[in-house]
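Commentary on secondary and tertiary structure
Here is what each chain is made of, one letter per residue.
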Amino acid sequence: MKVAVITGAASGIGAGLAKQAVALGMKVVLADRDQAGLEKIAQELGDQALAVVTDVTSQASLDALADKAYAAFGQVDMLFNNAGVLTTGNCWEISDAKWQQAWQVNVNGIVNGLRTFVPRLLKADRPARIINTASVGGFLPSPLMSPYSATKFAVVALTESLVNELATLNPKIKVSLLAPGPVKSAIFREAPSEASAQFHSLMTHMLDENGLDADEFARLVFEAIDRGEYWIVPQPQMLDPLLEARNKIIAERANPVFAWAPEAVN
């Protein structure tokens, strides 16, 4: 029986991935700093799930997560580095604390997960897959979301580096980049600044109206994993035409414009 470790598992995409994994006969290790949300999901999933309160910005916390996962189930087959945060506002007005939080959770949270789990996966020398959650926003930068855009761009680069590094060490360990479009979640839970209030309201409305249900989204993700895909883009219609337009702007050295729809963000 396969074992999946999922960070950011207390809600949204992470919770959907956990439910789908269990539906497919897997055991899951649920990691999140939201203890109440984590316990709620774990109770719903029953004895197939282990809940571990985890702060992905702490290497020690990730190490403890791995210790508990291996102690409980003896193996890890999938690692979903999924935890993420989003802040809105003009880039120069967002506080240093919020900028640091974005980098610590969205980027260093993944790096910490890799530092903890990759050596164990290499030692196990068996098939496994690492899935890092970026966003279509990791290809399409947005005004009023600069910490999110910058960190998700970083995740795209980090993950592409990772897949090539592991390919030279152990091809049994596969890597995927997950780039969600709009998915119904609580990622916009933070109160907006005055400058971004209208934008925040629009984004929230778009997610509510057009976002995929997290459970349906997770089904598409696992289907892509079964196909062995590196680029997991469950909503290509939200990325492909806009990415083509962006690439054209770069190739032609044109001035950047905000030409993509606000709903194209997870």
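Since the structure is predicted, the reported quantities are computational estimates derived from the model, not experimental observations.

Parameters and conventions
Residues numbered from 1 in each chain as written. Predicted model: local features only at pLDDT ≥ 70, side-chain atom pairs only at ≥ 80, totals over all residues. Heavy atoms only, no water. Helix = DSSP H or I, 4+ residues; strand = E, 2+ residues; numbered from the N terminus. Contact = heavy atoms within 4.5 Å. Areas by Shrake-Rupley, 256 points an atom, 1.4 Å probe, with all protein chains shown as cover. pLDDT = per-residue confidence, 0-100. Axes fitted to C-alpha atoms, helices over the stretch in contact; angles between N-to-C directions. Parallel < 35°, antiparallel > 145°, perpendicular 65-115°, else oblique. Left-handed = near helix turned anticlockwise from the far one by under 90°. Nonpolar A, V, L, I, M, F, W, Y, C, P; charged D, E, K, R; others polar. Pairing = 2+ DSSP bridges. Buried < 20%, exposed > 50% of the residue type's maximum accessible area, 1.4 Å probe, protein only. Right-handed = clockwise from strand over helix to strand, strands pointing away. Phe/Tyr/Trp six-rings, centres within 6.5 Å; stacked < 30°, edge-to-face > 60°. Core = buried A, V, L, I, M, F, W, Y, C linked by side-chain atoms within 4.5 Å.

What follows is about the overall build of the protein chain. What the protein chain contains, in helices and strands, is eight helices and seven strands. Contacts spanning at least 24 positions in sequence make up 70% of the contacts within the protein chain whose residues lie at least 6 apart. For the protein chain, the exposed area adds up to about 11900 Å²; of that, 53% sits on carbon and sulfur atoms.

All right, on to the confidence of the model for the protein chain then. Of the residues in the protein chain, 87% reach a pLDDT of 70 or more, and the chain-wide mean stands at 91. Under a pLDDT of 50 for its full length, residues 261–266 has, in the predicted model, 31 contacts with residues more than four places off or in other chains.

Close contact between helix 4 (residues 96–124) and helix 5 (residues 146–169) brings their axes to 9 Å; oriented N to C, the two are set at 15°. The angle between the axes of helix 4 and helix 5 places the two elements in the roughly parallel class. Along this stretch, helix 4 crosses helix 5, giving a crossing that reads as right-handed. Seen from helix 4, the contacting residues are Trp99, Ala102, Trp103, Asn106, Val107, Ile110, Val111, Leu114, Val118 and Leu122; seen from helix 5, they are Ser146, Pro147, Tyr148, Ala150, Thr151, Lys152, Ala154, Val155, Leu158, Leu162, Leu166 and Leu169. Taken together, the residues of the contact of helix 4 with helix 5 break down into 18 nonpolar, three polar and one charged.

Turning next to the sheet that holds strand 2 (residues 27–32). Taking strand neighbours across the sheet as the criterion, the seven strands line up as 3-2-1-4-5-6-7 in an open arrangement whose pairing is parallel. If you trace the sheet from one side to the other, it starts and ends with strand 3 (49–53) and strand 7 (231–232), each paired once.

Turning next to the pairing of strand 4 (residues 78–81). Side-chain alternation along strand 4 places Met78 and Phe80 on one buried face and Leu79 and Asn81 on a second face that is also buried. The pairing of strand 1 (residues 3–7) with strand 4 spans three bridges and is classified as parallel. Bridge pairing in strand 4 links Ala4 to Met78. Taken together, strand 4, helix 4 and strand 5 (residues 128–133) constitute a β-α-β crossover, and its handedness is right-handed.

Let us now look at the packing of aromatic side chains. In this structure the tally under the stated criterion is three aromatic pairs. Note on Phe139 and Trp231: the rings are 6.1 Å apart at their centroids and 55° apart in plane angle, and the pair reads as tilted. A residue pair is termed long-range when its members are at least 10 positions apart, and Phe139 in the loop between strand 5 and helix 5 and Trp231 in strand 7 qualify at 92 residues. Taking relative accessible area as the criterion, Trp231 reaches 43% and is therefore assigned partly exposed. Each ring, one from Tyr230 and one from Trp231, has its centre 4.8 Å from the other, and the planes form 90°; the classification is edge-to-face. Through successive ring pairs, a cluster of aromatic residues spans Phe139, Tyr230 and Trp231.

Judged by nonpolar contacts, the single largest core of 37 residues is most densely connected at Val5, Leu65, Phe117 and Ile130. Looking at this core, the elements that each hand over two or more residues are strand 1, strand 2, helix 3 (59–73), helix 4, strand 5, helix 5 and strand 6 (173–178). Ranked by residues supplied to this core, first place goes to helix 4 with six residues. Residues Leu17, Ala49, Ile131 and Ala218 belong to the second largest nonpolar core, which totals 31 residues.

The next thing to look at is the environment of Val5. Turning to its location among the elements, Val5 is positioned in strand 1. Between the C-alpha atom of Val5 and that of Leu79, which follows or precedes it by 74 residues, the distance is 4.9 Å. Residues in contact with Val5, not counting those within four places in the same chain, are Val29, Leu65, Ala69, Val76, Met78, Leu79, Phe80 and Phe117.

Positioned with a positive phi, Leu144 is a non-glycine residue whose angle comes to about 65°. Positionally, Leu144 belongs in the loop between strand 5 and helix 5. Here the phi dihedral of Arg253 falls at roughly 55°; this positive angle occurs in a residue that is not glycine. Within the secondary structure layout, Arg253 lies in the segment after helix 8 (240–251).

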